[in-house]
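Listed below, chain by chain, are the residues.
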Amino acid sequence: QVQVQESGGGLVQPGGSLRLSCAASGSTFSISAMGWWRQVPGEEREFVATINSGGNSKYAESAKGRFTISGDSAKRTVYLQMNNLKPEDTAVYFCLFAVIIERKGVNVWGEGTLVTVSS
């Protein structure tokens, strides 16, 4: 069984920065990819960024140039550095670990951390 926990959310002013962290723990597994999604109440969850085990990353258009995803597979941790935050970035941010357990692919979501961008 794998558990995932986000941290680092909070209130920040427009133009400010936040760094989100997410750590996975539990039984023996390997990591295929890690990523971040976000969701505004009443709306669908949307993709923000991912990074695979080879270190290749992808970003949503809204995140390009402002957000940076990084991962440490040895520490089973993924980060999202968010700069120049805008009010429209306000959302609950969820991390996702795509892992392999006993040759089976499993997606494990965290419970989310709230980011509020407001003056």
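Sequence order as written defines residue numbering, which begins from 1 separately in each chain. The predicted nature of this model means local features are confined to residues of pLDDT at least 70 and side-chain atom pairs, given and counted, to a pLDDT of 80 or more, with totals for whole chains, interfaces and linings taken over all residues. Note: side-chain values were computed over all heavy atoms of the structure, leaving out hydrogens and water.

What about the sheet that holds strand 3 (residues 18–26)?
Rules: Note on pairing: two strands pair once DSSP finds at least 2 bridges between them. Helix numbering and strand numbering both begin at the N terminus, where a helix is a DSSP run of H or I of at least 4 residues and a strand a DSSP run of E of at least 2. Between N-to-C directions, angles cover 0 to 180 degrees, with each direction set by a line fitted to C-alpha atoms, over the stretch in contact for helices.
Pairing in this open sheet of four strands is antiparallel, and the strands run 1-3-8-7 from one edge to the other. Among the strands making up the open sheet, the edge pair consists of strand 1 (2–7) and strand 7 (67–72). Averaged over all pairs of adjacent strands, the angle between strand axes in this sheet comes to 15°, irrespective of strand direction.

Comments concerning the pairing of strand 3
Regular strands place side chains that alternate from one sheet face to the opposite one. Examined bridge by bridge, strand 1 and strand 3 share six bridges and lie antiparallel to one another. Bridging across to strand 3, glutamate 6 finds its partner in cysteine 22.

Some details on the nonpolar core
Convention followed: Within this scheme, the nonpolar core is defined by two criteria: the residues are buried Ala, Val, Leu, Ile, Met, Phe, Trp, Tyr or Cys, and they are joined through side-chain atoms within 4.5 Å. The buried label goes to any residue with under 20% of its type's maximum accessible area, the exposed label to any with over 50%, and the partly exposed label to all in between, with areas taken from a 1.4 Å probe on protein chains only. The contact criterion used is simple: two residues touch if any of their non-hydrogen atoms lie within 4.5 Å.
Residues Trp36, Val78, Leu80, Met82, Tyr93 and Phe97 are the most contacted members of the largest nonpolar core, which totals 30 residues. Of all the secondary-structure elements, those providing two or more residues to this core are strand 1, strand 3, strand 4 (30–39), strand 5 (46–52), strand 7, strand 8 (77–82), strand 9 (91–101) and strand 11 (113–117). When residues no more than four places from it in sequence are discounted, the contact partners of leucine 80 are Leu18, Arg19, Leu20, Trp36, Val48, Ala49, Phe67, Thr68, Ile69 and Tyr93.

Structural notes on the packing of aromatic side chains
Let me state the cut-off plainly: Pairing of aromatic rings covers Phe, Tyr and the six-membered ring of Trp, with a centre-to-centre limit of 6.5 Å; geometry is then stacked below 30 degrees between planes, edge-to-face above 60, and tilted otherwise. For a Lys NZ or an Arg CZ to count as sitting over a ring, it must be within 6 Å of the ring centre and within 35 degrees of the ring normal.
Scanning all chains against the criterion turns up two aromatic pairs. Ring centres of tryptophan 37 and tryptophan 109 lie 5.3 Å apart, and the angle between their planes is 75°; this geometry places the pair in the edge-to-face category. Here the residue tryptophan 37 occupies a position in strand 4, and tryptophan 109 occupies one in strand 10 (residues 104–109), the gap between them amounting to 72 residues. Connected via pairs of aromatic rings, a cluster forms that spans Trp37, Phe47 and Trp109. Its guanidinium or amino end placed over the ring of tyrosine 79, arginine 19 lies 4.0 Å from that ring's centre, counting from NZ or CZ.

Considerations on the side chain of threonine 113
Quick note on the threshold: Polar contact criterion, stated in full: a pair of N or O atoms within 3.5 Å, where within protein one must be able to donate a hydrogen and the other to accept it, and residues adjacent in sequence count only if both atoms are side-chain atoms.
Residue position: threonine 113 is located in strand 11. Engagement of the side chain of threonine 113 in a polar contact is seen with the backbone nitrogen of glycine 9, the distance being 3.2 Å. Discounting chain neighbours no more than four positions away, the residues touching threonine 113 are Glu6, Ser7, Gly8, Gly9, Leu20, Ala91, Val92 and Tyr93.

Concerning the environment of aspartate 72
Looking at the element boundaries, aspartate 72 is found in strand 7. As a C-alpha pair, aspartate 72 and glycine 55 span 17 residues in sequence and 9.4 Å in three-dimensional space. Once residues within four sequence positions are removed from consideration, aspartate 72 is found in contact with Met34 and Thr77.

Digging into the pattern of salt bridges
Any two side chains of opposite charge can pair, given that their charged atoms come close. Counted only if it meets this: What counts as a salt bridge is simple: a side-chain nitrogen of Lys or Arg found within 4 Å of a carboxyl oxygen of Asp or Glu.
Evaluation of the coordinates by the stated rule reveals four salt bridges. The salt bridge involving arginine 38 is made with aspartate 89; its shortest N-O contact spans 2.9 Å. Linking arginine 38 in strand 4 with aspartate 89 in the loop between strand 8 and strand 9, this pair joins segments that are 51 residues apart in sequence. On the accessibility criterion, arginine 38 (7% relative accessible area) is buried. Relative accessible area serves as the criterion here: at 1%, aspartate 89 is assigned to the buried category. For lysine 64, the salt bridge identified is with glutamate 61, shortest N-O distance 2.7 Å. One network of salt bridges, in which partners are shared, links Arg38, Glu46, Arg66 and Asp89.

Shape descriptors only; they carry no functional weight alone.
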